[in-house]
Amino acid sequence: MDIQKSSVGRDRTTKRTFFNKNLLMLLVSLAIGGGGVYLAKEFIEKKINYYKSQLEKTEEMVSLVVPKRNMTRGTIVSVKDFSIRKIPKKFAHTNAVTQSTMNTAVGQRLSFDITKGKALLWAHLEGGLMPTFSGKIEEGKRALSFAVDKINSISGFLQPKDKIDLLLEYNNQIIPVIQNLHVVATGTRTRIDKTGSQSGNTYNIITVDVTPEVAEKIILAGSLGKITAILRSPLDDKPMSNAPMTVARLFNKPQPKVFKKKKIIRKKRGIEYIIGGR
């Protein structure tokens, strides 16, 4: 009996010792693993901070203002719609609104659509300063300039942001070429004169905002005849008739009929067969 108790006691002691060793090894492994993760994380963070500091030393950064969402023309700029993004100065647009100048942009109205995450430019704003004219052109559009005379420029009262229709004088007809064009410049002026002091000034060049296809149509029309611009109300988007104005229409006379020559179809002579005759 004593021998059995002694044997059972030794087994229990052996099992307890084995369990304690395994637990100790598990705790040591966890401690080593945790320490390794911590050291690796600390090493990576140090490396990141090091490279970031090196980047900041070698690259001059600038804080630009970018929209948080796609914004359309006519929207008033507010702080809640924009965020700040740092980029290397050499990649920043010279016309971009920065964090230090954002207060000047707040409250102004957008003149053009702007995509989310794209830098806000002064050219996007009404009354914004523009070092380059290309900043006013929307993506996918072109600025086309063409010559006009005093009558075509609506006696100098045409201003940027006005809408015009273009008529072509060709072969004794007046033909609508392009309708509802957006004027971006008259002469060298790209801003609206709200005081009226410059109204009536003459110029011989106007610039419109067009697609590449429309630009080709206007250039071709200009080579065929005289182009006249007519001013359209900013609230009027209705299309005008595409029917050309002819001399007959001008004097309310019926349109001359165009007679088409009838084609004479000649029947081919065949071979005559006589069957069963005498």
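Values in this document were obtained by computation on a predicted structure and should not be read as measured data. (Residues numbered from 1 in each chain as written. Predicted model: local features only at pLDDT ≥ 70, side-chain atom pairs only at ≥ 80, totals over all residues. Heavy atoms only, no water.)

**Focus on the pattern of salt bridges**
Tallying each qualifying case throughout the model produces six salt bridges. Lys 89 is the partner of Glu 60 in a salt bridge, and the nearest nitrogen-oxygen pair spans 3.7 Å. Taken as a pair, Glu 60 in the loop between helix 1 (2–58) and strand 1 (61–67) and Lys 89 in the loop between strand 2 (82–88) and helix 2 (102–105) lie far apart in primary sequence, 29 residues in all. Classification of Glu 60 as exposed rests on a relative accessible area of 52%. Exposure remark for Lys 89: the relative accessible area of 45% places this residue in the partly exposed category. (Salt bridge = Lys/Arg side-chain N within 4 Å of Asp/Glu carboxyl O. Helix = DSSP H or I, 4+ residues; strand = E, 2+ residues; numbered from the N terminus. Buried < 20%, exposed > 50% of the residue type's maximum accessible area, 1.4 Å probe, protein only.)

**Some remarks on the layout of surface pockets**
The volume enclosed by the largest pocket comes to roughly 440 Å³. In terms of lining, the largest pocket is formed by 26 residues, of which the most central are Arg 73, Lys 161, Lys 163, His 182 and Val 183. Counting only elements with at least two residues in the lining of the largest pocket, the list comes to strand 5 (173–186) and strand 6 (205–210). Top element by residues in the lining of the largest pocket is strand 5. It accounts for six residues. Of the residues that constitute the lining of the largest pocket, the class distribution is ten nonpolar, six polar and ten charged. (1 Å grid on protein atoms, 1.4 Å probe; cavity = no way out; pocket = protein on both sides within 12 Å on 5 of 7 lines; lining within 4 Å. Points joined across faces, edges and corners; volume = space filled by probe spheres on them. Nonpolar A, V, L, I, M, F, W, Y, C, P; charged D, E, K, R; others polar.)

**What to know about helix 3 (residues 212–224)**
With 13 residues, helix 3 extends 19 Å from end C-alpha to end C-alpha; this agrees with the ideal 18 Å at 1.5 Å per step. Listed as buried for helix 3 are Val 214, Ala 215, Ile 218 and Ala 221. One face of helix 3 carries all of its buried residues, which in axial projection span an arc of 130 degrees. Exposed residues lying more than 90 degrees from the buried face of helix 3 are Glu 213, Glu 216, Ile 219, Leu 220 and Ser 223. Buried residues along helix 3 sit against strand 3 (142–147), strand 4 (163–170), strand 5, strand 6 and strand 7 (226–232). (Expected span 1.5 Å × (residues − 1). Arc of directions from axis to C-beta. Contact = heavy atoms within 4.5 Å.)

**Re the nonpolar core**
In this structure, Phe 146, Ile 164, Leu 166, Leu 181, Val 208, Val 210 and Ile 218 are the most contacted members of the largest nonpolar core, which totals 18 residues. Of all the secondary-structure elements, those providing two or more residues to this core are strand 3, strand 4, strand 5, strand 6, helix 3 and strand 7. In terms of residue count, helix 3 provides more of this core than any other element does, four residues in total. Apart from residues lying up to four places away in sequence, Ile 164 is in contact with Leu 158, Gln 179, Asn 180, Leu 181, Val 183, Ile 206, Val 208, Ala 229, Ile 230, Leu 231 and Arg 232. (Core = buried A, V, L, I, M, F, W, Y, C linked by side-chain atoms within 4.5 Å.)

**Quick word on the pairing of strand 6**
For strand 6, the tally of buried residues reaches five of six residues, placing the bulk of the element in the interior. Of the pairings in the sheet, the one linking strand 3 to strand 6 comprises six bridges and is antiparallel in character. By the bridge assignment for strand 6, Ser 145 is matched with Thr 207. Pairing of strand 5 with strand 6, which is carried by four bridges, proceeds in the antiparallel orientation. Each residue of the ladder has a partner; that of His 182, found in strand 6, is Asp 209. (Pairing = 2+ DSSP bridges.)

**Some thoughts on the sheet that holds strand 3**
One open sheet holds the five strands; their spatial order is 3-6-5-4-7, and the pairing between them is antiparallel. The two strands at the open ends of the sheet, each matched to only one other strand, are strand 3 and strand 7. Here the strands of the sheet are splayed against their neighbours by 45 degrees on average, with no regard to which way each runs. Along the sheet, helix 3 contacts strand 3, strand 4, strand 5, strand 6 and strand 7; its crossing angle with strand 5, the most-contacted strand, is approximately 125 degrees. (Axes fitted to C-alpha atoms, helices over the stretch in contact; angles between N-to-C directions.)

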